[in-house]
Amino acid sequence: MAEQQELLTVATAMLDKAYNSHFHVGAAAVGASGKIYGGCNIENASFGATNCAERTAIFSGIAAGETHFTALLVTGNTDGPIAPCGICRQVIAEFFDADAPIYLTNQKGAFTATTVAAILPGAFTDLN
Ligand code: THU
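Thresholds, definitions, all that
Residues numbered from 1 in each chain as written. Predicted model: local features only at pLDDT ≥ 70, side-chain atom pairs only at ≥ 80, totals over all residues. Heavy atoms only, no water. Salt bridge = Lys/Arg side-chain N within 4 Å of Asp/Glu carboxyl O. Helix = DSSP H or I, 4+ residues; strand = E, 2+ residues; numbered from the N terminus. Buried < 20%, exposed > 50% of the residue type's maximum accessible area, 1.4 Å probe, protein only. Contact = heavy atoms within 4.5 Å. Polar contact = N/O pair within 3.5 Å; in protein donor to acceptor, adjacent residues only side chain to side chain. Core = buried A, V, L, I, M, F, W, Y, C linked by side-chain atoms within 4.5 Å. Near = heavy atom within 4 Å. 1 Å grid on protein atoms, 1.4 Å probe; cavity = no way out; pocket = protein on both sides within 12 Å on 5 of 7 lines; lining within 4 Å. Sits in = over half its atoms within 2 Å of the grid points. Nonpolar A, V, L, I, M, F, W, Y, C, P; charged D, E, K, R; others polar. Phe/Tyr/Trp six-rings, centres within 6.5 Å; stacked < 30°, edge-to-face > 60°. UniProt positions renumbered as here; feature names shortened; annotations may be inferred.

**Q** Just checking my understanding: could you explain the pattern of salt bridges for this structure?
**A** Two side chains that carry opposite charge are able to pair once their charged atoms sit near each other. Considering all chains together, one arrives at one salt bridge under this definition. Between Asp-79 and Lys-108 there is a salt bridge, and its shortest N-O distance comes to 3.2 Å. Taken together, the residues span a long stretch of sequence, with Asp-79 in the loop between β3 (69-76) and α3 (86-95) and Lys-108 in the loop between β4 (101-105) and β5 (111-115) at a distance of 29 residues. Of the two residues, Asp-79 and Lys-108, both sit in the exposed class.

**Q** Honestly, the environment of Tyr-103 in this entry has me stumped. Any pointers?
**A** You can see Tyr-103 is positioned in strand β4. Considering only alpha carbons, one finds Tyr-103 and Gly-86, 17 residues apart in sequence, at a separation of 16 Å. Not counting the four nearest positions on each side in its chain, Tyr-103 is found in contact with Gln-4, Leu-7, Ala-71, Leu-72, Leu-73, Val-74, Phe-111, Thr-112 and Ala-113. One polar contact links Tyr-103 to Gln-4, side chain to side chain, over a distance of 3.2 Å.

**Q** Sorry if this is basic, but what is going on with the nonpolar core here?
**A** Here is a general trend for soluble globular proteins: nonpolar side chains tend to be buried in one another's company. Ranked by size, the top nonpolar core spans 21 residues in total, and within it Ile-58, Ile-92, Phe-96 and Ile-102 carry the most contacts. Only β1 (25-31), α2 (53-63), β3, α3, β4 and α4 (116-119) provide two or more residues apiece to this core. For this core, the element with the highest residue contribution is α3, accounting for four residues. Ignoring any residue separated from it by four or fewer positions in sequence, one finds Ile-102 in contact with Leu-72, Ile-92, Phe-96, Thr-112, Ala-113, Thr-114, Thr-115, Val-116 and Ile-119. Counting seven residues, the second largest nonpolar core, distinct from the first, contains Leu-7, Val-30, Ala-71 and Leu-73.

**Q** Even after reading the chapter, I still don't get the site of the ligand, so can you show me in this structure?
**A** Around the ligand, the surrounding shell consists of Phe-23, Val-25, Asn-41, Glu-43, Thr-50, Cys-52, Ala-53, Glu-54, Ala-83 and Pro-84. A distance of 2.9 Å separates an oxygen atom of the ligand from a polar side-chain atom of Asn-41. In this structure, Ala-53 approaches the ligand through a main-chain N or O atom, which is 2.9 Å from an oxygen atom. Its atoms largely coinciding with the cavity grid, the ligand occupies the largest pocket. For the shell around the ligand, a count of residues per class yields six nonpolar, two polar and two charged.

**Q** Which parts of the structure should I look at to understand the packing of aromatic side chains?
**A** Two descriptors summarise a pair of aromatic rings, namely the distance from one centre to the other and the angle between the planes of the rings. Scanning all chains against the criterion turns up four aromatic pairs. Seen in terms of ring centroids, Tyr-37 and Phe-69 are 6.5 Å apart; in terms of plane orientation they differ by 80 degrees. Their pairing is edge-to-face. Remark: Phe-69 occurs in strand β3 and Tyr-37 occurs in strand β2 (residues 36-40); sequence separation between them is 32 residues. For the residue pair Tyr-37 and Phe-69, the accessibility class agrees, reading buried in each case. Arranged with centres 6.3 Å apart and planes meeting at 80 degrees, the rings of Phe-69 and Phe-95 form a pair that is edge-to-face. Highlighted residues: Phe-69 in strand β3 and Phe-95 in helix α3, separated in sequence by 26 residues.

**Q** What exactly am I supposed to notice about the UniProt feature "binding site: Zn(2+)" (unreviewed entry) in the protein here?
**A** This chain's UniProt record puts "binding site: Zn(2+)" (unreviewed entry) on Cys-52, Cys-85 and Cys-88. In three dimensions, the annotated residues from a span of 37 residues occupy one location, with a maximal C-alpha spread of 8.3 Å. As for the annotated residues, the ones lining the largest pocket are Cys-52 and Cys-85. Mapped onto the elements of the fold, Cys-52 is located in the loop between β2 and α2.

In structure tokens, the structure reads:
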């Protein structure tokens, strides 16, 4: 529970960093080293170039030398637990074990624990 609370704290702090968005999203990923990486969504005038908070967190960890992650939390100002997009689900499947915990939360106390396999059944992982 301590790790989950720490992840929520890091992800919540990331909400303020969202770039150019009316819809702020924060994420926190735990690298295999144990270090936590925060991420925010980063929008772009060319909409397709937008990067979600989950991928920002994961890619920040990769850039810092991580190659694998053990848990991820995402949060937003949604009514219910926020749902990661399909592209993020595929990126998550690349860097987490199938049974790794994924925590979907919001800023009102919603907290759903799921797994990589549950959010992307049948993932394409041939590169692993
Ligand atoms: N977004 C995320 O960062 N993560 C999610 O789980 C859902 C969507 C971002 C993408 C875009 O910047 C905004 O939220 C939706 O318009």
